[in-house]
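# Residue-level structural notes
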Amino acid sequence: AQSVTQLDSQVPVFEEAPVELRCNYSSSVSVYLFWYVQYPNQGLQLLLKYLSGSTLVKGINGFEAEFNKSQTSFHLRKPSVHISDTAEYFCAVRLTTDSWGKLQFGAGTQVVVTP
Amino acid sequence: NAGVMQNPRHLVRRRGQEARLRCSPMKGHSHVYWYRQLPEEGLKFMVYLQKENIIDESGMPKERFSAEFPKEGPSILRIQQVVRGDSAAYFCASSSGTSGGQETQYFGPGTRLLVL
């Protein structure tokens, strides 16, 4: 069985500072990897995904993530955050062998950006 | 192009009542997924449906919960005889089903169920 661990439940950060959200996974088979963002009282929005190819993935709103197979990690980064980046961020995996692709999510990381 | 729509956005029920949650997938999408988010937790998969078929219900409680996706109309998640532990946000996601496991699931805004 696979699992997803988000190592930080909450990350406070100052506006214009960089942020890194950590995600590790375990799986006996290869996976696809996703980062979603959830703004208060809203649904989830896809930030970026890794399917194959280049291990550095760029997403929306200036976010990027790097897939590290040896460390089974998929950390999310942004070089300079805005107040509007305050939200909850979820890492998710899907087995490449799942033709219909249910997602397994981590517990989430709450990012709070302050001036 | 409208996104995934869910209604109601908020639902209050008393213990023992029934809750019906509706999900209209994005136009052209024939695959629907339901997830549940308990307070302070991530989303947990419940059920995956295609039109008129339940493909995987491995994440759905065996009792009181049921789901359907009829040929016409929205997908329905039904919870009978609700209990306080059913209080959660229920999210629906849809996908086109054309790209295998690589495709993106698009999420609706969720229904927040509160059981009194």
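This structure is a prediction, so every number in the text was calculated from the model and none was measured. (Residues numbered from 1 in each chain as written. Chains lettered and ligands numbered in written order. Predicted model: local features only at pLDDT ≥ 70, side-chain atom pairs only at ≥ 80, totals over all residues. Heavy atoms only, no water.)

## Regarding the overall build of chain B
For chain B, the count of helices and strands is zero helices and eleven strands. At 14 Å, chain B has a C-alpha radius of gyration in line with the 13 Å of a compact globule built from 116 residues. Seen along its three principal axes, the alpha-carbon backbone of chain B occupies a region of about 40 × 25 × 25 Å. Relative to its 116 residues, chain B shows a buried fraction of 47%. A fraction of 53% describes how many contacts in chain B between residues 6 or more apart in sequence connect residues 24 or more apart. Entry remark: accessible area of chain B is about 5,800 Å², with carbon and sulfur atoms responsible for 46%. (Helix = DSSP H or I, 4+ residues; strand = E, 2+ residues; numbered from the N terminus. Rg over C-alpha atoms; globule rule 2.2 N^0.38 Å. Buried < 20%, exposed > 50% of the residue type's maximum accessible area, 1.4 Å probe, protein only. Contact = heavy atoms within 4.5 Å. Areas by Shrake-Rupley, 256 points an atom, 1.4 Å probe, with all protein chains shown as cover.)

## A closer look at the packing of aromatic side chains
To describe a pair of aromatic rings, one takes the distance between the centres and the angle between the planes. If you walk through the whole model with that rule in mind, you get twelve aromatic pairs over all chains. Measuring from ring centre to ring centre gives 5.9 Å for Tyr36(A) and Phe105(A), while their planes differ by 55°; the resulting arrangement is tilted. Of this pair, Tyr36(A) sits in strand S5 (residues 31–38) while Phe105(A) is found in strand S11 (residues 104–105), placing the two residues 69 residues apart along the sequence. The two residues Tyr36(A) and Phe105(A) agree in class, both being buried. Cluster of aromatic residues (ring-pair linked, three or more members): Phe34(A), Tyr36(A), Phe90(A), Phe105(A), Tyr35(B), Phe45(B) and Phe107(B). (Phe/Tyr/Trp six-rings, centres within 6.5 Å; stacked < 30°, edge-to-face > 60°.)

## Section: the pairing of strand S2 (residues 10–14) of chain A
All names here are of chain A. Side-chain alternation along S2 places Val11 and Val13 on a buried face and Gln10, Pro12 and Phe14 on a face that remains uncovered. For S2 and strand S12 (residues 109–114), the ladder comprises five bridges, and the chain directions are parallel. For Val11, the partnering residue across the bridge sits in S12 and is Val111. (Pairing = 2+ DSSP bridges.)

## Here's the deal with the interface of chain B and chain A
With 23 residues of chain B at the interface, the matching set in chain A holds 21 residues. Approximately 1,800 Å² of surface area, both sides summed, lies buried where chain B meets chain A, with 50% of it carried by carbon and sulfur atoms. At the surface where chain B touches chain A, the tally comes to zero salt bridges. Linking chain B with chain A are five residue pairs in polar contact (both at pLDDT 80 or more), by the criterion used here. Within the residue set of the side of chain B that touches chain A, elements represented by two or more residues are strand S4 (31–37), strand S5 (43–50) and strand S6 (53–56) of chain B. (Buried area = accessible area lost by both parts, 1.4 Å probe. Salt bridge = Lys/Arg side-chain N within 4 Å of Asp/Glu carboxyl O. Polar contact = N/O pair within 3.5 Å; in protein donor to acceptor, adjacent residues only side chain to side chain.)

## Considering the side chain of Gln37(B)
For Gln37(B), the position within the fold is in strand S4. With a relative accessible area of 12%, Gln37(B) lands in the buried category. There is a polar contact of 3.4 Å between the side chain of Gln37(B) and the backbone oxygen of Glu41(B). Setting aside anything within four residues of it in sequence, one finds Gln37(B) in contact with Gln38(A), Phe90(A), Gly42(B), Leu43(B), Ala88(B), Ala89(B) and Phe91(B).

## Description of the layout of surface pockets
Here the largest pocket defines a volume of roughly 480 Å³. Forming the boundary of the largest pocket are 20 residues, of which Glu88(A), Gln110(A), Gln37(B), Glu40(B) and Glu41(B) lie nearest the centre. Going through the elements one at a time, strand S10 (87–95) of chain A together with strand S9 (88–95) of chain B are the ones with two or more residues in the lining of the largest pocket. When grouped by side-chain class, the residues that make up the lining of the largest pocket number eight nonpolar, eight polar and four charged. (1 Å grid on protein atoms, 1.4 Å probe; cavity = no way out; pocket = protein on both sides within 12 Å on 5 of 7 lines; lining within 4 Å. Points joined across faces, edges and corners; volume = space filled by probe spheres on them. Nonpolar A, V, L, I, M, F, W, Y, C, P; charged D, E, K, R; others polar.)

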